[in-house]
Amino acid sequence: MILYHIYSGQLFFTAAALYLVGIFVPRLRVLALLAIPLALLSGTPMPWWFALPLLAVTVAGLIRRRSRMVRVLAAAGVLVAAAAEVPYQIGGAFSPPGRLIVIGDSLAAGGFAESQPWPHRLGVPVVNLARAADTAAGALSEQVPAMPPPTRGDVVIIEIGGNDMLDGLPARSFARALDQIVRAAAPREVVILEIPLLPGRWAYGAAQRRVAHRHGATLIPKRVLAKVLADPRNTDDGLHLTDRGHEALARSLLPRQRGGEGGRRPDEGAQ
């Protein structure tokens, strides 16, 4: 439950609430002090032009706690940040495809003793191009050229970026490769699985959001993948899915067909 709270991004809302209580209740100021590192731990990606002023005003709210105006400005900044993040935690669904084309890494490729990876549990025709250990650049060079010609009802689901983040590859390179993958997938509908972020690796999540917004792709909230990975019964090593994990992820997708949790289009209320 703790891991899910962190990696789903819900910790950010907890931190926001603690900060608001801490700056307006003098006895509980320690909560506001605790809130800032918790917000950073939550791995919530924000544009730098918003994140830096927000950090400055929240710190000012702690330092100049006797100034009501500063505290109100800090509170307003926190509320705006929380409101901007809400759409990335909830959202609409995407329709079941006529054919699903999968670009991904080991989470989609399988090959770790499971009977069937999650794309093949969705009840639709699947072209699974995912390759274990692949990065966005690898997917662009190896998987994208193997995509079949587009047909009516195609959906391309992109589950890539975890290895870029874990290997510490440049976030800019990841963003460029992801953008080219999405461009190559056109005119098909595109769905991107948002990756749960490690602290300090916000740029990868920010890149996913920018690319999804730019191309009108559906973004599946990171809480969906975080919920699956946070359950120890769903993985062998905290990362590679067991049969139970593949089934859990499959149930979370294609909500109109399987009762899952769904995604959202970033152009519907995006930052």
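The structure we're discussing is the one just above.
Residues numbered from 1 in each chain as written. Predicted model: local features only at pLDDT ≥ 70, side-chain atom pairs only at ≥ 80, totals over all residues. Heavy atoms only, no water.

## Let's talk about the packing of aromatic side chains
- Counted according to the given criterion, the structure contains three aromatic pairs.
- Note on Phe174 and Tyr204: the rings are 5.8 Å apart at their centroids and 50° apart in plane angle, and the pair reads as tilted. Highlighted residues: Phe174 in helix α9 (residues 171-185) and Tyr204 in helix α10 (residues 202-215), separated in sequence by 30 residues.
- Take Phe174: its relative accessible area is 1%, and that puts it in the buried class.
- Its relative accessible area of 5% is what places Tyr204 among the buried residues.
- Over the ring of Tyr88 we find Arg209; its NZ or CZ atom is 3.8 Å from the centre of that ring. (Phe/Tyr/Trp six-rings, centres within 6.5 Å; stacked < 30°, edge-to-face > 60°. Helix = DSSP H or I, 4+ residues; strand = E, 2+ residues; numbered from the N terminus. Buried < 20%, exposed > 50% of the residue type's maximum accessible area, 1.4 Å probe, protein only. Lys NZ or Arg CZ within 6 Å of the ring centre and 35° of its normal.)

## Overview of the packing of helix α3 (residues 29-41) against helix α4 (residues 48-63)
- Here α3 crosses α4 at 160°, and the two axes come no closer than 10 Å. The angle between the axes of α3 and α4 places the two elements in the roughly antiparallel class. Where α3 crosses over α4, the two elements pack in a sense that is left-handed. Of the residues in α4, those touching α3 at Arg29, Ala32, Leu33 and Ile36 are Leu55, Thr58, Val59 and Leu62.
- Residues of the contact of α3 with α4, tallied by class, amount to six nonpolar, one polar and one charged. (Axes fitted to C-alpha atoms, helices over the stretch in contact; angles between N-to-C directions. Parallel < 35°, antiparallel > 145°, perpendicular 65-115°, else oblique. Left-handed = near helix turned anticlockwise from the far one by under 90°. Contact = heavy atoms within 4.5 Å. Nonpolar A, V, L, I, M, F, W, Y, C, P; charged D, E, K, R; others polar.)

## A closer look at the sheet that holds strand β4 (residues 189-193)
- Across the sheet, which stays open at both edges, the five strands sit in the order β2-β1-β3-β4-β5 with parallel pairing between neighbours. The open sheet has two edge strands, β2 (126-128) and β5 (218-220), and neither has a second partner. Sheet twist, expressed as the average angle between the axes of neighbouring strands with direction ignored, equals 20°.
- Note that β4 and β5 share three bridges and pair parallel. Within the sheet, the bridge partner assigned to Leu193 lies in β5 and is Ile220. (Pairing = 2+ DSSP bridges.)

## Topic: α10
- Here α10 spans 20 Å end to end across 14 residues, near enough to the 20 Å set by a 1.5 Å rise per residue.
- Those residues of α10 hidden inside the fold are in contact with α5 (68-85), α8 (162-167), α9, β4 and β5. (Expected span 1.5 Å × (residues − 1).)

## Some words on the nonpolar core
- Judged by nonpolar contacts, the single largest core of 29 residues is most densely connected at Ile103, Ile158 and Ile192.
- Residue assignment for this core shows that the elements contributing at least two residues are β1 (99-104), α7 (136-143), β3 (154-159), α9, β4 and α10.
- Here this core takes seven residues from α9, the largest share from any one element.
- Sequence-distant contacts of Ile103, that is, excluding residues within four places in its chain, are made with Leu129, Ala139, Gln143, Val144, Met147, Val156, Ile157, Ile158, Glu159 and Ile181.
- Within the second largest apolar cluster, 22 residues are counted, among which are Val102, Val124, Val155 and Leu249. (Core = buried A, V, L, I, M, F, W, Y, C linked by side-chain atoms within 4.5 Å.)

## A few points about the environment of Pro119
- Among the structural elements, Pro119 can be located in the loop between α6 (106-109) and β2.
- The sequence separation of Pro119 and Ala250 amounts to 131 residues, and the corresponding C-alpha distance is 6.9 Å.
- Excluding anything up to four places from it in sequence, Pro119 contacts Val102, Ala108, Val126 and Asn128.

## Remarks on the pattern of salt bridges
- Applying the stated criterion to the full structure yields 10 salt bridges.
- Note that Asp243 is salt-bridged to Arg121, the shortest N-O span being 2.5 Å. With Asp243 in helix α12 (residues 243-252) and Arg121 in the loop between α6 and β2, this residue pair connects regions lying 122 residues apart in the sequence.
- Relative accessible area serves as the criterion here: at 15%, Arg121 is assigned to the buried category.
- The partner of Arg188 in a salt bridge is Asp154, and the shortest N-O contact between them spans 3.7 Å. Highlighted residues: Arg188 in the loop between α9 and β4 and Asp154 in strand β3, separated in sequence by 34 residues.
- Residues joined in a network through salt bridges with shared partners are Glu85, Glu194 and Arg209. (Salt bridge = Lys/Arg side-chain N within 4 Å of Asp/Glu carboxyl O.)

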